[in-house]
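# Summary of the model geometry
Spelled out, the chains give:
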Amino acid sequence: GGRGVSSCYQEGIAFLATKMSVRNAVAVFNVMTRREGTADELSLATFSSDVECVGARLIAYKESLAAAILSEHHFSPDTGLFHGNELPPEYKTAPHKTITIRPSEIMGYSEESFSKEFLDPGPGPAEGDFSKPDMEEYPTVKVRRTSRKSLTPGEAEKACREYVLHNNNRGRDINKWVLRPFEFEADSSEVLYISIDAVLVPEQCESRLAGGKSRQKDKKTFISHWNIRLEFDNTHYSVTSADKDEAYRETLAVILKNHLYTKYIVFFTDGEKCIFDDIDRYFSAWEHTIYLDWFHLQEKVFSLMTMIIKAERVVDPHGKTEYYKRGSRKGEIKSQEKTSLSRLYARELCLILWYGNTPEALTYLANINPDVVKSQYWLDELIAYIRNKKQWITCFALRKKAGLRNSSNGVESQNMVTVSNRQKKKGMSWRERGSAVLASLTALFDNREAADWFYNHQFSFQLNNQASC
């Protein structure tokens, strides 16, 4: 840390360290600078020490910058909360227009008669007699963020109304469609989307026994990295930290620095209780909505269903069927695609949840044929999960029709870029300091702040354009 090194050298070793293993990075650096085999050849220990020093200075600067911005706006740099009892008017969220879709009004029913006819399920379906949405409506194709439709508020409301009228008609089983009122943001270009997720990397054993063997731990431990991605009108900023509270303080600093505190905030999370508690703690003074991320909801359902349903393979009613094309058996079934029974149950449950119909989803789970259930414990776990998260499960189908986002895919890609690509599934374990340094340096390049930091020794938490990333 005491050696005088150039900005160009610091940028070079930081970039190499974020892209490949230290051993490979040192080899590449020595070849590119023609030091290989000379007295000036860079050693592994020097490279690692210099990278750690560069990253440590970066982390210290980020924390001090966040504290300065919070103090400037009268927020506590220690807690991230406003010093006064209530936020002043200039910091409060501006009124934001929302679209409210009420199926009862669209279909010409009074709220009372609609509730009685469409929402009261009665005794419930008999065992094995469930309302199953059409399989072709399932969102099997993952839509890229750049190709998502951008509808005006008027177009979005019209698309949603047409969708409700088309699907909630008397000729179909209404239990599987849009029933309860849903509210959506009217203009997504005026909404600040925040996605929050944590990624775990294996922690390294600090002490070693004689002979170089690691001391065996009683239990494998992990280092948590908190990634928070802010997206506003085709711009974004990535916050990463091994300290959860520091990640939220830096997020607040980015919001204050870019004057985003007047925007309506929409959160996407994976359903971890601590995240809901943190949002309530840090953002309770601002208008916001929390949605359960569709990707994680599907993942939860599919993973638990494999533990709930017995391992059997059955003919997939919606899979491909191969027929004889000629001869005396032309038209007869030659073979049928098979799938696991748990996958069929998971797909049917996800189809119900795709429309935000949590009462129907709970009824579906309560009436699963006990002959195919191998673990009642995990079935109860899934029922409890949906019951506890139902207030954050929206009608994903309507949001898709309105051209709005349904997923925290931005923070998932951030997890891959800042942490997973370099630190996970590489057969390596990490110290917390070294892991945090690599994640922070990677985020620095991802946020397009490297030039300012290495040559001007500062940066400003400025959002950058997604198109250039």
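Residues numbered from 1 in each chain as written. Predicted model: local features only at pLDDT ≥ 70, side-chain atom pairs only at ≥ 80, totals over all residues. Heavy atoms only, no water.

### Describing the overall build of the protein chain
Summing up its helical and strand segments, the protein chain has 16 helices and 12 strands in all. Considering only intrachain contacts with a sequence separation of at least 6, the fraction spanning at least 24 residues in the protein chain is 73%. Of the roughly 24,000 Å² of accessible surface on the protein chain, 49% is carried by carbon and sulfur atoms. (Helix = DSSP H or I, 4+ residues; strand = E, 2+ residues; numbered from the N terminus. Contact = heavy atoms within 4.5 Å. Areas by Shrake-Rupley, 256 points an atom, 1.4 Å probe, with all protein chains shown as cover.)

### Remarks on the packing of helix α2 (residues 22-32) against helix α3 (residues 44-72)
In contact at an axis separation of 10 Å, α2 and α3 are set at 105° when each is read in the N-to-C sense. Comparing the axis directions of α2 and α3 gives the class roughly perpendicular. Contacts between α2 and α3 involve Val-22, Arg-23, Ala-25 and Val-26 on the former and, on the latter, Leu-44, Phe-47 and Ser-48. (Axes fitted to C-alpha atoms, helices over the stretch in contact; angles between N-to-C directions. Parallel < 35°, antiparallel > 145°, perpendicular 65-115°, else oblique.)

### Things to note about the packing of aromatic side chains
Taken as a whole, this structure holds 21 aromatic pairs when the rule is applied. Centroid distance Trp-294 to Trp-354: 5.0 Å. Interplanar angle 55°. Geometry classified as tilted. In this pair, Trp-294 sits in helix α9 (residues 294-308) while Trp-354 sits in helix α10 (residues 341-354), placing the two residues 60 residues apart along the sequence. Across this residue pair, the class does not change: Trp-294 and Trp-354 are buried. Pairing Trp-354 with Phe-396 gives two aromatic rings, centres 6.3 Å apart and planes at 15°, and the pair type is stacked. (Phe/Tyr/Trp six-rings, centres within 6.5 Å; stacked < 30°, edge-to-face > 60°. Buried < 20%, exposed > 50% of the residue type's maximum accessible area, 1.4 Å probe, protein only.)

### Digging into the pattern of salt bridges
Under the definition given, this model contains 11 salt bridges. Of the charged contacts, one joins Lys-334 and Glu-322 as a salt bridge, the two residues approaching to 3.6 Å between their closest N and O atoms. Here Lys-334, found in strand β10 (residues 333-336), pairs with Glu-322, found in strand β9 (residues 321-323); they are 12 residues apart in sequence, far enough to count as distant. Through salt bridges with shared partners, a single ionic network connects Arg-229, Glu-231 and Arg-405. (Salt bridge = Lys/Arg side-chain N within 4 Å of Asp/Glu carboxyl O.)

### Describing the packing of helix α7 (residues 244-257) against helix α8 (residues 273-283)
Taken N-terminus to C-terminus, the directions of α7 and α8 make an angle of 45°; their axes are 12 Å apart at the nearest point. Taken together, α7 and α8 sit at an angle that is classed as oblique. Relative to α8, the crossing made by α7 is right-handed. Across the interface between the two elements, Lys-244, Asp-245, Tyr-248, Thr-251, Leu-252 and Ile-255 from α7 touch Cys-274, Ile-275, Asp-278, Arg-281, Tyr-282 and Phe-283 from α8. (Left-handed = near helix turned anticlockwise from the far one by under 90°.)

### Comments concerning the environment of Arg-399
Examined against the element boundaries, Arg-399 turns out to sit in helix α13 (residues 396-401). Residue class for Arg-399 comes out buried when judged on its relative accessible area of 0%. When residues no more than four places from it in sequence are discounted, the contact partners of Arg-399 are Phe-184, Glu-185, Tyr-193, Phe-268, Tyr-291, Thr-394, Leu-404, Arg-405 and Asn-406.

### Considering the environment of Leu-292
Along the chain, Leu-292 falls in strand β7 (residues 288-292). Taking the C-alpha atoms as reference points, Leu-292 and Lys-389, separated by 97 residues in sequence, lie 7.7 Å from one another. Once residues within four sequence positions are removed from consideration, Leu-292 is found in contact with Thr-269, Asp-270, Gly-271, Leu-297, Tyr-385, Lys-389, Trp-392, Ile-393 and Phe-396.

### Focus: the side chain of Thr-269
Its place among the elements puts Thr-269 in strand β6 (residues 264-269). On the basis of relative accessible area, Thr-269 is assigned to the buried category, the value being 0%. Ignoring any residue separated from it by four or fewer positions in sequence, one finds Thr-269 in contact with Ile-196, Ile-275, Phe-276, Ile-279, Ile-290, Tyr-291, Leu-292 and Asp-293.

### A short note on unusual backbone geometry
The phi dihedral of His-259 is positive, around 55°, even though this residue is not glycine. Of note in this structure, Arg-448 is not a glycine but carries a positive phi near 60°. Relative to the helices and strands, Arg-448 is located in the loop between α15 (432-446) and α16 (450-456).

### So, the nonpolar core
Core analysis: the largest hydrophobic core is formed by 114 residues, its most contacted members being Phe-283, Met-305 and Leu-349. Residues contacting Phe-283, with those up to four places away along its chain left out, are Tyr-248, Thr-251, Leu-252, Ile-255, Ile-265, Phe-267 and His-288. (Core = buried A, V, L, I, M, F, W, Y, C linked by side-chain atoms within 4.5 Å.)

### Focus on the environment of Leu-379
Positionally, Leu-379 belongs in helix α12 (residues 376-389). Along the primary structure Leu-379 and Met-305 are separated by 74 residues, whereas in three dimensions their C-alpha atoms are 7.9 Å apart. Beyond its immediate sequence surroundings of up to four residues, Leu-379 is in contact with Ile-308, Leu-365, Ile-368 and Val-373.

### Brief notes about the side chain of Thr-394
Position of Thr-394 relative to the elements: it lies in the loop between α12 and α13. According to the relative accessible area criterion, Thr-394 is buried, its value standing at 5%.

### Quick notes on the pairing of strand β1 (residues 98-101)
The side-chain alternation of β1 yields one buried face, formed by Ile-99 and Ile-101, and one unburied face, formed by Thr-98 and Thr-100. As paired strands, β1 and strand β2 (residues 182-185) are joined by 4 bridges and run antiparallel to one another. The residue of β2 that forms the bridge with Ile-99 is Phe-184. (Pairing = 2+ DSSP bridges.)

### What about α2?
Buried within α2 are the following residues: Ala-25, Val-26, Phe-29 and Asn-30. Seen end-on, α2 carries its buried residues on one side only, within an arc spanning 130°. In α2, the exposed positions that point more than 90 degrees away from the buried face belong to Arg-23 and Met-32. In the core, the buried residues of α2 are packed alongside α1 (7-19) and α3. (Arc of directions from axis to C-beta.)

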